[in-house]
Every structure is written in C-alpha cells, then in structure tokens.
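Okay, here's what each chain looks like letter by letter:
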Amino acid sequence: MKRFAGSFTQQEALPEEAIAAAVEVMRSGRLHRYNVAPGESGAAARLERAYAEWQGVPYCLAVTSGGQAMQIALRAVGVRPGDAVLTNGFTLAPVPGAIAAVGGRPVLVEITEDLVIDLDDLAAKAGQARVLLLSHMRGHLADMDALMKVAEAHDLTVIEDCAHTMGARWNNTLSGNFGRIACFSTQTYKHMNSGEGGFLTSRDPEVMARAVMLSGSYMLYGRHGAAPGPEAFADVALDTPNMSARMDNLRAAILLPQLAQLDANVSRWVEREAAVREELARSPAIRLPEAPAAALRVGSSIQFQVEGVAPEDLLARAAERGVELKWFGAQHPAGFTSAHRSWRYIAPQDLPRTDAILATLMDMRLPLTFSVPECREIGALIVDAVEAR
Ligand SMILES: *Cc1c(COP(=O)(O)O)cnc(C)c1O
C-alpha cells in the first residue's frame, strides 16, 4: 500500500531574517514592548503599524493570543456578565471560551453544508443578543454582504474571528474589514507563526482605545504603533481595567519578516488546497464544501463529508496510508474540541442541522511544508481510503 511520509503538523522554518531580528532583540535586552531606547520604536509598535497598513485599517493592537484578542474585543464593545453573545455552532473551543471568560452566554447559531453560519437561523436568534462573534471557522466565508445586512437590520455589533482567514477576501475586501473589530491569531498553526500571539484591528477609535487599555498599556498608550491619538483615551484611560495581554518585542520581531511573505503564502495555500480538492472531487462519496466565487479562501486546512463509509473506518484507513484526518463527529474529541456538546461549561443547545453535518465531517491540515505534488498524492490516498472496501 502506498503511504505518505510527511508530517501534518510540521510548519516551515522561520525566515533567516526573523531569526536575525529575534537575536537582535535578545541582545538588546529590551523585550517588553514599552522598554524602548530614546527615539526608538519597538518591534511591537512597528508590527502594529505594518499590520494595520497591510490590512488597510487605521488601528491595530498586537496581543498574546487570538483568544485574548476575542476576550478584549468582547469587553471593548461592552459585553457584560450575563449578556448573550451569538456565535457559530461550529467553531474552535477558544471562541465559546472567550465568551465564557467575559461572563457572557454563548447562543449558538446553526451552520450550512458549506460550513458557514446559517443566516436564517442568525436572523431568527438575532433578537436575543447585541453582539455576534462571527467565526470564519476553517476559513469558510459566509456571504458577507448578506450577513452584514442581517446584522444591520437587527442592530448587531459584529466581531470577526479571523484566526483562519488572515489574507482571505470577500469580493476583494479582506476578511476582518466587515465588522466593528477583527481578531487574528499568530499561533503556530495559523497563517503567521510566533508560537502564540494575535492581533485586533478596527476603524473605531473609541473601541480601539478601550482595547489598548484592556491589553494592559498602563499610561503608555503613546508607545503604540497604530493606536488612536491621545484624545480617544481621555474618557477611557482610567475606566478600563488592565487585562495584561501585551505582545512582546521578541514575538513581534519574528512576525515582521513573515508579514512580508503573507501574500505569497496565501497563493501557496490556494494552490495546495486546489490540488487536494481536484483529487477528492474524483470520488462520488466525497462532498466538498463550496466556496462562492466572491470568496478568496486560504486553504490552510481542508474539510469534506463522506458517505457510505463509517468515519472511524475512514480515519483508520487514512492513517494506514500516512494521512492524518480528524473527525468533527467523534464521541470524544481528540486533539482539539469543535463540537458544541464538548463545551459543558455552556448551556446545552439544540443544533440538529449542525450536528448532522459534523457527524460525517472530516478535517485535515495543509502545512506549507507539503509541495503541490504531495498535496495531489494525499488527495489520491484519501480517495483510495474512501473506496477501499
Ligand atoms: C486558533 C483559533 C482561535 C484562537 O487562537 P489562539 O491564538 O490559539 O488563542 C480562535 N478561533 C479559531 C477558529 C481558531 O482556530
């Protein structure tokens, strides 16, 4: 039997430039973002400026993780303990976790077969909350024009969770530029790698001033790279608690050279996902989620549903072929949790449509260490595993 030998969790090495920049920060001893020499702009501030420019927004805040970015975003738009917050019924555990961390009550919205939030269910539940934490889970983008219309009609503030859509676009607008705030992750398995880390971006000066204070900026907000001016802080500086979630200069230094490669990497992911999809499309037992023409999807992972094979058997057969699949419908989550029934800290919710989809939904990472021919080989091995009887 043919077997793929690559590792599904192996990311690329960091660029040499990033390694040199990290060494320079360590030699300086000035790792804390506010520890700058006279006239110096630290790496965290420079990264914020560069990311804001790349994302095409005035404000960016660098923080310790995507999860912290979401908690800060929820607080910055005024979510209080006991408030309901809408979110996708299919997402990763840090999303309901962020809502729980601020004392909110997650209200889960069904998804469609294309793995995006179901806009009819969203409209039906919109009256229960003021905020939607929209998760672009696994990079699948909802029809953002239609979604924003639903949000406007119901006066919902939208926070976008772009952990899997850094660099993705809807009708040529970058994911993250639709809602009031966007949250990004630079954790190892996302689109830039600083081990842990994240960003929050916005065009709203008041919300952003609160976010900067929440991240733990003391009275040093003047040392930020892409924060609003001092006037935005006048009313919030002493009224906003310090949650200590600052990014440090070491991580920022290794992210700056990666930002320069992001556009190229988006194209590399697009090619890789297309190669796997082409192979998977050969099997009638495999259903691939469809992305509308308006969506530019960054395929750092791929999902598909299977018919006629027990998911447990498929996992085993794929593993024999060296292909590491995950199954969202597993009774006991392995590795990560994305099934809402695994989140016992939130009120149980009835999501029959989502459950039926997750029951046969497979998930696979596509690290950039795989070449395009390897992606083809993996796709063919999956088809072989599905069709082996
Ligand atoms: C990884 C992830 C996050 C959070 O990112 P961290 O930086 O790991 O906290 C949020 N949402 C989704 C969908 C994710 O996959």
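Rules and cut-offs
- Residues numbered from 1 in each chain as written.
- Predicted model: local features only at pLDDT ≥ 70, side-chain atom pairs only at ≥ 80, totals over all residues.
- Heavy atoms only, no water.
- UniProt positions renumbered as here; feature names shortened; annotations may be inferred.
- Helix = DSSP H or I, 4+ residues; strand = E, 2+ residues; numbered from the N terminus.
- Rg over C-alpha atoms; globule rule 2.2 N^0.38 Å.
- Buried < 20%, exposed > 50% of the residue type's maximum accessible area, 1.4 Å probe, protein only.
- Contact = heavy atoms within 4.5 Å.
- Lys, Arg positive; Asp, Glu negative; His and termini not counted.
- Charge placed at Lys NZ, Arg CZ, Asp CG, Glu CD.
- Near = heavy atom within 4 Å.
- Polar contact = N/O pair within 3.5 Å; in protein donor to acceptor, adjacent residues only side chain to side chain.
- Areas by Shrake-Rupley, 256 points an atom, 1.4 Å probe, with all protein chains shown as cover.
- Nonpolar A, V, L, I, M, F, W, Y, C, P; charged D, E, K, R; others polar.
- Expected span 1.5 Å × (residues − 1).
- Domains from an automatic or database assignment.
- Salt bridge = Lys/Arg side-chain N within 4 Å of Asp/Glu carboxyl O.

Going by an unreviewed UniProt entry, the protein chain carries the name DegT/DnrJ/EryC1/StrS family aminotransferase and comes from Pontivivens ytuae. Regarding the protein chain, the relevant UniProt record gives this comment under Sequence similarities (unreviewed entry): "Belongs to the DegT/DnrJ/EryC1 family."

Engineer: Give me the lowdown on the overall build of the protein chain, citing residues and values where you can.
Structural biologist: Summing up its helical and strand segments, the protein chain has 12 helices and 14 strands in all. Its C-alpha radius of gyration of 21 Å places the protein chain within 12% of the 21 Å reference for a compact globule of 389 residues. Considering the protein chain as a whole, with its 389 residues, one finds that 57% of them fall into the buried category. Across the protein chain, the fraction of contacts at a sequence separation of at least 24, relative to all contacts at a separation of at least 6, is 73%. Across the protein chain, the 37 positively charged side chains and the 45 negatively charged ones have centroids separated by 4 Å.

Engineer: Lay out the site of the ligand with the relevant residues and their values.
Structural biologist: Lining the immediate surroundings of the ligand are 17 residues, of which Gly-66, Gly-67, His-164, Ser-185 and Lys-190 lie closest. Gly-66 is positioned such that a nitrogen or oxygen atom in its backbone is 2.7 Å from an oxygen atom of the ligand. In this structure, an oxygen atom belonging to the ligand sits 2.8 Å away from a main-chain N or O atom of Gly-67. A total of 380 Å² of accessible area belongs to the ligand in isolation, and the protein chains cover 93% of it. Within the residue set of the shell around the ligand, elements represented by two or more residues are α3 (66-76) and α4 (94-101). The element that contributes the greatest number of residues to the shell around the ligand is α3, accounting for 3 residues. Taken together, the residues that form the shell around the ligand break down as 6 nonpolar, 9 polar and 2 charged.

Engineer: So what's going on with helix α2 (residues 43-55)? Which residues, and what values?
Structural biologist: Between its first and last C-alpha atoms α2 spans 18 Å; for 13 residues at 1.5 Å apiece the expected length is 18 Å, and the two agree. By the burial criterion, the buried members of α2 are Ala-43, Ala-44, Ala-45, Leu-47, Glu-48, Tyr-51, Ala-52, Trp-54 and Gln-55. On its buried face, α2 is in contact with β1 (59-63), β7 (173-174), β8 (181-185), β9 (198-202), α8 (249-259) and α9 (262-280). Of the residues flanking the end of α2, it is Gly-56, one or two places downstream, whose phi is positive at about 75 degrees.

Engineer: Describe in detail the domain arrangement of the protein chain, supporting the description with residues and values.
Structural biologist: Each domain of the protein chain was delimited in the assignment, giving domain 1 (16-257) and domain 2 (261-387). Each partner contributes residues to the interface: domain 1 has 38 residues there, and domain 2 has 36 residues. There are 4 salt bridges connecting domain 1 and domain 2. Of the charged contacts in the structure, one is a salt bridge between Arg-287 and Glu-113, with a shortest N-O distance of 3.4 Å. On inspection of domain 1 and its partner domain 2, the count reaches 20 residue pairs in polar contact (both at pLDDT 80 or more). Looking at the side of domain 1 that touches domain 2, the elements with two or more residues in it are α4, β3 (105-109) and β6 (169-170). Ranked by residues supplied to the side of domain 1 that touches domain 2, first place goes to β3 with 4 residues. Tallied by class, the residues present in the side of domain 1 that touches domain 2 amount to 20 nonpolar, 10 polar and 8 charged.

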